[in-house]
Amino acid sequence: MLLLSSAAQSIYWLGRYLSRIQFACQMLPFEHDQDAEKFANAFCLPAWDANSLNAIYLDPEQPFSISTQFYNVQNNIQQLRAVLTPHAYSELNQLTKLKDNQSESVCAVVGACAEVLEAEEEQVFLFYNLGREMEVLDQQCRLEQVSENQTEKVASILSILDDNGWGSCERTWSAFLEDQSMSSLYNINDDISAKFEVCE
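Residues numbered from 1 in each chain as written. Predicted model: local features only at pLDDT ≥ 70, side-chain atom pairs only at ≥ 80, totals over all residues. Heavy atoms only, no water.

Novice: I tried to follow the packing of aromatic side chains on my own but got confused; where do I start?
Specialist: We describe a pair of aromatic rings using the distance from one ring centre to the other and the angle between the two ring planes. In the structure shown here, the tally under the stated rule is 15 aromatic pairs. Relative to Phe-43, the ring of Phe-39 lies with its centre 4.5 Å away and its plane at 25°, an arrangement referred to as stacked. Exposure remark for Phe-39: the relative accessible area of 3% places this residue in the buried category. In this structure an aromatic cluster arises from ring pairing among Tyr-12, Trp-13, Tyr-17, Phe-127, Trp-166 and Phe-196. (Phe/Tyr/Trp six-rings, centres within 6.5 Å; stacked < 30°, edge-to-face > 60°. Buried < 20%, exposed > 50% of the residue type's maximum accessible area, 1.4 Å probe, protein only.)

Written out as structure tokens, the structure is:
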């Protein structure tokens, strides 16, 4: 039996947010204007050089910033208090209670948060892992670097969820594998979102 949709969706997005932050922490700081502009275009960010792109990630007022994404992580953890094991909730709560949400502080704790979630029971881990791997796939797709290893990871998770009664994403997933475009990725994202709405 699967988790209720609200809990499953919160766990899924917790995985996406943590993966998004980890990716940003690995990429920063951008140093070359041409690379930064290409990256900004791929992720639809209003930046034109390395300095402006770094500023977007480091400015807590920006919706795509590390601080804003971490705020989403904090909110999702609070919503999952009744779903996570007491030990996991306590650890995550402690890890995310930073004195400040500056990027350096956030980057130092997101890996530990991921480790706590990876040790959770299977249902929690499945939706967390789906979110994490879909975010990595999104990153690769935008950068036109989709790997076979990544598509195999996502396919495996979707197959396990289907076997557990969540429903199949075969049509949209097969379409994505055909062209690996952002349009097809949006379709699989929509399919996943729809599954959350009906898995109560």
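Novice: Any chance you could explain the side chain of Glu-120 here in plain terms?
Specialist: Examined against the element boundaries, Glu-120 turns out to sit in the loop between α6 (103–118) and α7 (122–142). Among buried Asp, Glu, Lys and Arg side chains, Glu-120 stands out as unpaired, with Arg-81 the closest opposite charge at 12 Å. Within the local environment of Glu-120, its side chain forms a polar contact with the side chain of Thr-85, the two groups lying 2.8 Å apart. Setting aside residues no more than four positions away along its own chain, Glu-120 makes contact with Leu-84, Thr-85, Ala-88 and Phe-125. (Helix = DSSP H or I, 4+ residues; strand = E, 2+ residues; numbered from the N terminus. Lys, Arg positive; Asp, Glu negative; His and termini not counted. Salt bridge = Lys/Arg side-chain N within 4 Å of Asp/Glu carboxyl O. Polar contact = N/O pair within 3.5 Å; in protein donor to acceptor, adjacent residues only side chain to side chain. Contact = heavy atoms within 4.5 Å.)

Novice: What is the right way to look at helix α5 (residues 86–96) in this model?
Specialist: One turn of an α-helix holds 3.6 residues; hence residues three or four places apart share an orientation. When α5 is considered as a whole, its buried residues turn out to be Ala-88, Tyr-89, Leu-92, Asn-93 and Thr-96. Buried residues of α5, seen end-on, are gathered within an arc of 125° and therefore sit on one face of the element. Exposed residues on α5 whose side chains face more than 90 degrees from its buried face are Pro-86, His-87 and Gln-94. Looking at the buried positions of α5, the neighbouring elements they touch are α4 (66–79) and α6. (Arc of directions from axis to C-beta.)

Novice: Please clarify how the nonpolar core should be interpreted in this entry.
Specialist: One finds Leu-53, Leu-130, Met-134 and Ile-192 to be the most contacted residues of the largest nonpolar core, which totals 60 residues. The leading source of residues in this core is helix α1 (residues 5–27), at 10 residues. Those residues in contact with Leu-53 that sit more than four places away from it in its chain are Phe-30, Ala-36, Phe-39, Ala-40, Leu-45 and Ala-47. (Core = buried A, V, L, I, M, F, W, Y, C linked by side-chain atoms within 4.5 Å.)

Novice: For this particular structure, what's the right way to read the state of the cysteines?
Specialist: What we call a disulfide is simply a covalent bond connecting the sulfur atoms of a pair of cysteines. What the rule picks out here adds up to one disulfide. Across the disulfide from Cys-25 sits Cys-107; the S-S distance is 1.9 Å. What sets the handedness of the Cys-25 and Cys-107 disulfide is the S-S torsion sign, and at about -85° it is left-handed. Taken together, the residues span a long stretch of sequence, with Cys-25 in helix α1 and Cys-107 in helix α6 at a distance of 82 residues. The thiol sulfur of Cys-113 is not disulfide-bonded, and the nearest other cysteine sulfur, from Cys-25, lies at 11 Å. (Disulfide = S-S within 2.5 Å.)

Novice: Mind showing me how you'd approach the pattern of salt bridges here?
Specialist: Pairs can form between side chains of opposite charge once their charged atoms are near each other. Across all of its chains, the model carries seven salt bridges by this definition. Note that Arg-16 is salt-bridged to Asp-138, the shortest N-O span being 3.8 Å. Linking Arg-16 in helix α1 with Asp-138 in helix α7, this pair joins segments that are 122 residues apart in sequence. A residue is classified by how much of its surface remains accessible, and Arg-16, at 3% relative accessible area, is buried. As a salt-bridge pair, Arg-132 and Glu-133 come within 3.6 Å of each other at their nearest N and O atoms. Linked by salt bridges that have partners in common, Arg-16, Arg-20, Glu-135, Asp-138 and Arg-142 make up one network.

Novice: So what exactly am I meant to see when it comes to unusual backbone geometry here?
Specialist: Residues other than glycine predominantly adopt negative phi, and peptide bonds predominantly adopt the trans conformation. With omega at -5°, the peptide bond leading from Leu-28 into Pro-29 counts as cis. Tracing the backbone through its elements, the reader meets Pro-29 in the loop between α1 and α2 (33–42). A positive phi angle, close to 55°, is found at Cys-44, a residue other than glycine. Tracing the chain through its elements places Cys-44 in the loop between α2 and α3 (50–58). Although it is not a glycine, Glu-144 sits at a positive phi angle of roughly 55°. Checked against the element boundaries, Glu-144 lands in the loop between α7 and α8 (148–163). Classification of Glu-144 as exposed rests on a relative accessible area of 74%.

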